[in-house]
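For reference, the chains in residue letters:
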Amino acid sequence: MNFLDDIFCKFGTDKSSKQHNFAGIYHAALDPMRFQARKVLEIGIFGTTPENAGASLKSWAEYFPNAHIYGVDLHEYSFINTGRITTIVADQGVIPGNLDRVVTTTGSDIDLIIDDGSHLMHHQQITLGYLFKYLKSGGYYIIEDLHTSYHDISNPTGTQYNTMLMLEVLRHSGVILSDYISEADKQYIQQQLASCEIHKVTPFASETAILRKR
Ligand SMILES: C[S@@+](CC[C@H](N)C(=O)[O-])C[C@H]1O[C@@H](n2cnc3c(N)ncnc32)[C@H](O)[C@@H]1O
């Protein structure tokens, strides 16, 4: 247990030690920027009632006391909006009218982006390619539930590069292989990436990646 895990458990997100157990890894990376962070963006909200919806957004709002938290989902979640939480309806697999509208709301210099949305390979890659340039220098980009790379159901387009493979190659060689990221965005990520960590907390069940921008 740690401070962040206590918060995850309190709000009931599956990031907690009761399920994926990502809090230890995230707290180690994010604690130094806890009070400086001003903007956090998470793809994937989840839940049905004001009490159980947006568990991770509510967790980030408590963990980052000076940040505004933006949440994106296919579904409408404005019922959990507060002074520091803003939800946006958008499809992470589509840039025009969707991801571009998200950054119109958030602006640039985002401290932390978490992709916990559809977990589809092409969506994870479209989202990374488009949003990485809106991260602040020194900011983090997390791709959650990377173990979905091992499931055919998460690769409906049949891409040859699943997201785990893409990140393993990026980590070892500094090169991005993706059918869903433009050449300009690939160049940008390759030049601006400071580190790429892959954490297999429980192999094949709870895997997550943390990328850091220079
Ligand atoms: C795993 S849940 C998010 C859990 C939440 N982040 C938490 O930790 O409590 C995934 C969410 O992603 C949303 N989602 C699925 N496909 C999406 C897409 N293409 N664009 C945006 N959100 C999507 C789903 O509606 C669902 O609410």
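Just so we're clear, the structure is a prediction, and the values are computed from it rather than from any experiment. (Residues numbered from 1 in each chain as written. Predicted model: local features only at pLDDT ≥ 70, side-chain atom pairs only at ≥ 80, totals over all residues.)

## Some thoughts on helix 2 (residues 23–30)
- Every buried residue of helix 2 is listed here: Ala23, Tyr26 and Leu30. Along the axis of helix 2, the buried residues cluster in a sector spanning 70°; they form a single face.
- Against the buried residues of helix 2 lie helix 1 (3–11), strand 4 (110–115) and strand 5 (135–143). (Buried ≥ 20, exposed ≤ 12 C-beta atoms within 10 Å, placed from the backbone. Helix = DSSP H or I, 4+ residues; strand = E, 2+ residues; numbered from the N terminus. Arc of directions from axis to C-beta. Contact = placed C-beta atoms within 7 Å.)

## Describing the site of the ligand
- Around the ligand, a shell composed of 21 residues is seen, among which Thr13, Gly44, Phe46, Ser56 and Ser118 lie nearest.
- Elements with a minimum of two residues in the shell around the ligand: strand 1 (39–43), helix 3 (55–63) and strand 2 (68–73).
- Taken together, the residues of the shell around the ligand break down into 6 nonpolar, 9 polar and 6 charged. (Near = placed C-beta within 6 Å. Nonpolar A, V, L, I, M, F, W, Y, C, P; charged D, E, K, R; others polar.)

## Side note on the sheet that holds strand 1
- Pairing is mixed in the open sheet, where 7 strands are placed in the order 3-2-1-4-5-7-6. Lying at the two open borders of the sheet, with one neighbouring strand each, are strand 3 (85–89) and strand 6 (193–202). The mean angle between the axes of side-by-side strands here comes to 15°, regardless of whether they run parallel or antiparallel.
- Contacts between helix 6 (residues 163–173) and the sheet are confined to strand 5, strand 6 and strand 7 (206–213), with strand 6 contributing the most and set at about 130° to the helix. (Pairing = 2+ DSSP bridges. Axes fitted to C-alpha atoms, helices over the stretch in contact; angles between N-to-C directions.)

## A word on the pairing of strand 2
- The buried fraction of strand 2 amounts to 5 of the 6 residues, a majority that puts the element mostly inside the structure.
- Of the pairings in the sheet, the one linking strand 1 to strand 2 comprises 5 bridges and is parallel in character. Each bridged residue has a counterpart across the sheet, and for Ile43 the counterpart in strand 2 is Val72.
- Crossover connection from strand 1 via helix 3 to parallel strand 2: handedness right-handed.
- As defined by bridge partners, strand 2 adjoins strand 3 across 5 bridges and the pair is classed as parallel. Paired with Gly71 across the two strands is Thr87, which belongs to strand 3. (Right-handed = clockwise from strand over helix to strand, strands pointing away.)

Just geometry here; none of it tells us what the structure is for.
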